[in-house]
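# Coordinates in review
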Amino acid sequence: MKVIVRHDKEEAEKVVADLIAGEVRTNPEIVMSLPTGSTPVGVFSELTRMHEEEGLDFSSVTCFNMDEYVGLGRDHAQSYYRFLRENLYERVGMSLENTFSPDACAANLGRAADDYSSLIKRAGGFDLTFLGIGRDGHISFNMPSDALHPLTHVERLSEAAVRDNARFFEDVSEVPTQAITIGMRNILESRRIVLLALGEAKAPVVARWLGSGLVTTWLPASFLWLHPDVTVVLDQGAASELR
Ligand code: GLP
């Protein structure tokens, strides 16, 4: 695992944007799995700048949303698909036909999750997965637990995750309590993985994870120790509790 620490948020975001841009240039038909939340916003802005000013071409790129809140349609203001459509897909001229998200409004959510895993498999899996990390160590929406799911599945969100994500909603009662998320195997089968953590709020979990080389279901990000090509990018805030 390669760990890169940069002085501030913008420099850390630039490292990740450059890594993604390099992969897109090398393989214009790349298949990527992408996160939501606050963390990727600056990276998406930099990729948009590269598209506009440097002609970074996303026209043949395929993107999979890694998760979606159960019950939110693609046009809901807080849906993860809409977030990625507005923050990246439309801004870099992607064909929306090449963008995918789990059907989190399906009558049969289990089947919708299985269908998403099949779709990922048909696409040949992910060339690159870009992750954020929750303060409890979750990646995508794979929550700390006794056991983790390999493939795409329905996940009940922890109270902490609901609380953390409430800032995007009018009231905490509006935050969905379930999501469809890609599973640990979907992530670990990715050819390359980059994880970005920003700010002091992430420092405790980053220290707990990187300070120990152990793998535990109670810190889902720790499974990234098992993967041969992971780059972790931190700003000084997120790295502040590392020894
Ligand atoms: C949500 C998303 C994750 C994301 C995490 C951290 O739980 N499902 O993919 O990494 O939030 O979000 P933030 O970047 O806002 O801290």
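Here, every reference points to the structure presented above.
Sequence order sets the numbering: in each chain, residues are counted from 1 along the sequence as written. Owing to the predicted nature of the model, reporting of local features is limited to residues with pLDDT of at least 70; listing and counting of side-chain atom pairs is limited to 80 or more, with chain, interface and lining totals taken over all residues. Note that water and hydrogens are dropped before the side-chain values are worked out from all heavy atoms of the structure.

Turning next to the site of the ligand. Looking at the ligand, there are 13 residues lining it, with Thr39, Asp67, His138, Arg167 and Lys202 nearest. Any pair of N or O atoms that falls within 3.5 Å is considered a polar contact. Within protein, one atom must be able to donate a hydrogen and the other to accept it, and sequence-neighbouring residues count only if both atoms are side-chain atoms. The backbone of Ile133 places a nitrogen or oxygen atom 3.4 Å from an oxygen atom of the ligand. In this structure, Lys202 approaches the ligand through a side-chain N or O atom, which is 2.6 Å from an oxygen atom. Residue exposure ignores everything except the shown protein chains as possible cover, and the areas themselves are Shrake-Rupley values with a 1.4 Å probe. Taking 390 Å² as the accessible area of the ligand by itself, protein coverage stands at 94%. The pocket occupied by the ligand, as judged from atoms lying within 2 Å of grid points, is the largest pocket. In the scheme used here, Gly and all other residues not listed as nonpolar or charged are polar, with Ala, Val, Leu, Ile, Met, Phe, Trp, Tyr, Cys and Pro taken as nonpolar and Asp, Glu, Lys and Arg as charged. Of the residues assigned to the shell around the ligand, the class counts are three nonpolar, seven polar and three charged. When at least one non-hydrogen atom of a residue lies within 4 Å of a molecule or strand, that residue is treated as near it. Any residue with an atom within 4 Å of a point lines the site, the site being either a cavity, points on a 1 Å grid over the protein atoms alone where a 1.4 Å probe fits but cannot get out, or a pocket, an open set with protein on both sides within 12 Å along at least 5 of 7 lines. Being in a pocket or cavity means that more than half of the molecule's atoms lie within 2 Å of its grid points.

Moving on: the sheet that holds strand E6 (residues 128–131). Pairing in this open sheet of seven strands is parallel, and the strands run E1-E10-E9-E6-E2-E3-E5 from one edge to the other. The open sheet terminates on both sides in strands that have one partner only, identified here as strand E1 (2–6) and strand E5 (99–100). Bridge count for E6 against strand E9 (residues 192–197) is four bridges, and the pairing is parallel. Bridge assignment links Leu128 to a residue of E9, and that residue is Arg192. Lying over the sheet, helix H3 (residues 80–89) contacts strand E2 (31–34), strand E3 (62–65) and E5, oriented at roughly 145° with respect to E3. Pairing between strands is defined by DSSP: at least two bridges between them are needed. Secondary structure elements follow DSSP: runs of H or I no shorter than four residues count as helices, runs of E no shorter than two count as strands, and numbering proceeds from the N terminus. In this analysis, two residues are considered to be in contact whenever any of their non-hydrogen atoms come within 4.5 Å of each other. Think of each axis as a best-fit line through the C-alpha atoms, taken over the contacting stretch in the case of a helix, with angles from 0 to 180 degrees between the N-to-C directions.

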